[in-house]
Amino acid sequence: MNVLVTGGCGFIGSNFVRSVLRQKSNCRLINLDKLTYAGNPENLRDIEDDSRYRFVKGDITDAALVEQIFTEEKIDTVVHFAAESHVDRSIAGPAEFIQTNIVGTFTLLEAARKSWLQDGTGLADKRFLHVSTDEVYGSLGATGYFTEETSYDPRSPYSASKASSDHLVQAYYHTYGLPVLITNCSNNYGPYHFPEKLIPLIINNALNDKQLPVYGDGKQVRDWLYVEDHCAAVLRVLEKGTLGQTYNIGGNNEKQNIEIVTTVCNLLDEKVGLRDSGEPRTSLIRYVTDRPGHDRRYAIDATKIKDELGWTPAVTFEEGIRKTVDWYLDNPDWVAGVLDGSYQDYYERMYGNR
Ligand code: NAD
Ligand code: DAU
């Protein structure tokens, strides 16, 4: 396989690149990443000298660059992670979300269409896997689950941009016969998660004796999945999924936000002791103004991927959250580097203008 991974320097993409290189000896992997604030080449420092791996700094909306990579590297497989991924940022400024998530996906689809339909090698061994989110389905009440048949009802600029990209991917399957697959996953957590998202933000603030912002009443529900389980599911869909199909991926781990925040506080108290004031870290919790349009509950029915492809999550929430907290305790320099942007200097040192 000659695989183009987009967004491989981000949270999930970097975990995916590492796990594929560990498991698959016979693949070449090209990582196309723009290195936005969320992309950090240090996430892949341990594999950057692997001869099967090439990093290209670039934008998925750059059609000439994307087409050049398809030709030069004879790309037969695309795993598309690159996106603007943070809901709060999409509320503050949606423009980048439209560009990267919609126009960027379109650019990749066009490059695949041109390259694969014209190169004479046929479509049998080609795959375009689009990584998407459960947020496209909107918000649930107290009961029920998102299935692959649930109607799309996105409610933030982020989820609307992801929904739009999902529709484009489906359109290329029906119109051009492009061999596509789509995954819609719930909330991930684990190593290399940018500390603007709930779990790493709470870990970092709690360690630094800063307030812990809980939006609204804190009773919103998310379905949490350890990132390595998500990566395994994506690989399973890539290898065994039926073309044109969507697969929901979830952890079967519904938690209210306040439970997550309390769990993290208690784990940190246990591992590093109470605050200097002698109080538990839960004393840092502050209920703040709610996120506009805040989705109340997400919950995934992952029966299809279990029954058809035999995937289920391997890591329980209790194990996963301990591993995650330990990783952040062991990697304070990584957190400091991404928050002050100094990892961008690392890119210049390592790669110059390449
Ligand atoms: P992330 O924000 O951590 O990483 C995104 C990566 O994409 C970064 O490396 C960034 O530099 C890169 N990127 C952004 N714009 C680009 C562009 N124009 N060209 C090239 N590269 C660009 O995101 P993540 O949390 O790892 O999410 C990855 C994918 O998984 C996204 O498509 C997201 O919608 C989806 N997803 C995420 C979650 C989650 O909980 N994090 C859950 C379900 C689905
Ligand atoms: O469901 C999948 C989605 O999960 C992905 O598609 C997104 O890319 C990913 O960012 C994530 O979106 P959320 O909005 O659910 O994640 P976030 O970590 O931003 O927030 C999780 C919940 O915690 C949400 O209900 C908002 C709340 N929250 C978040 C932050 C950052 C707080 O209460 N306080 C906070 O400071």
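Note that the structure is a prediction, hence the values are computed from the model and not measured. (Residues numbered from 1 in each chain as written. Chains lettered and ligands numbered in written order. Predicted model: local features only at pLDDT ≥ 70, side-chain atom pairs only at ≥ 80, totals over all residues. Heavy atoms only, no water.)

Caption draft 1: Quick peek at helix α2 (residues 63-73). Here α2 has its buried residues at L65, V66, I69, F70 and E73. The buried side chains of α2 occupy one side of the element, clustering within an arc of 140° when seen end-on. In α2, the exposed positions that point more than 90 degrees away from the buried face belong to A64 and T71. Looking at the buried residues of α2, the elements they touch are β1 (2-6), β2 (28-33), β3 (53-57), β4 (77-80) and α4 (95-118). (Buried < 20%, exposed > 50% of the residue type's maximum accessible area, 1.4 Å probe, protein only. Helix = DSSP H or I, 4+ residues; strand = E, 2+ residues; numbered from the N terminus. Arc of directions from axis to C-beta. Contact = heavy atoms within 4.5 Å.)

Caption draft 2: Expanded view of the packing of helix α1 (residues 11-23) against helix α7 (residues 227-240). For the pair α1 and α7, the least separation of the axes is 9 Å and the interaxial angle reads 60°. As for how α1 packs across α7, the hand of that crossing is right-handed. Here F11, I12, N15, F16, S19, V20 and Q23 of α1 come into contact with α7, specifically with V227, H230, C231, V234 and L235. Its residues placed into classes, the contact of α1 with α7 shows 8 nonpolar, 4 polar and no charged. (Axes fitted to C-alpha atoms, helices over the stretch in contact; angles between N-to-C directions. Left-handed = near helix turned anticlockwise from the far one by under 90°. Nonpolar A, V, L, I, M, F, W, Y, C, P; charged D, E, K, R; others polar.)

Caption draft 3: Spotlight on the packing of α2 against α4. Contact geometry of α2 with α4 gives a least axis separation of 9 Å together with a crossing angle of 40°. Here α4 runs oblique to α2, going by the angle between their axes. As α2 runs across α4, the sense of the crossing is right-handed. Residues A63, V66, E67 and F70 of α2 form the contact with α4, whose own contacting residues are T107, L108, A111, A112, K114, S115 and W116. In terms of residue class, the contact of α2 with α4 is made up of 7 nonpolar, 2 polar and 2 charged. (Parallel < 35°, antiparallel > 145°, perpendicular 65-115°, else oblique.)

Caption draft 4: Representation of the packing of aromatic side chains. Considering all chains together, one arrives at 16 aromatic pairs under this definition. Judged by centre distance (6.0 Å) and plane angle (80°), the rings of Y192 and W334 are edge-to-face. Taken as a pair, Y192 in the loop between β7 (187-189) and α6 (198-207) and W334 in helix α11 (residues 332-340) lie far apart in primary sequence, 142 residues in all. The same class applies to Y192 as to W334, namely buried. Members of the aromatic cluster, joined through ring pairs, are Y137, F146, Y152 and Y298. One residue, R89, lies across the ring of Y37, its end atom 3.5 Å from the ring centre. (Phe/Tyr/Trp six-rings, centres within 6.5 Å; stacked < 30°, edge-to-face > 60°. Lys NZ or Arg CZ within 6 Å of the ring centre and 35° of its normal.)

Caption draft 5: Local environment of the site of ligand 1. Around ligand 1 sit 28 residues in total, of which I12, D33, S85, Y158 and K162 are the nearest. Take K162: an N or O atom from its side chain is 2.6 Å from an oxygen atom of ligand 1. In the environment of ligand 1, an oxygen atom lies 2.9 Å from a nitrogen or oxygen atom belonging to the backbone of N188. For the shell around ligand 1, the secondary-structure elements that each account for two or more residues are α1, β5 (127-133), α5 (157-176) and β7. The dominant element in the shell around ligand 1, judged by the number of residues it contributes, is β5, at 3 residues. Residue classes in the shell around ligand 1 are distributed as 12 nonpolar, 12 polar and 4 charged. (Near = heavy atom within 4 Å. Polar contact = N/O pair within 3.5 Å; in protein donor to acceptor, adjacent residues only side chain to side chain.)

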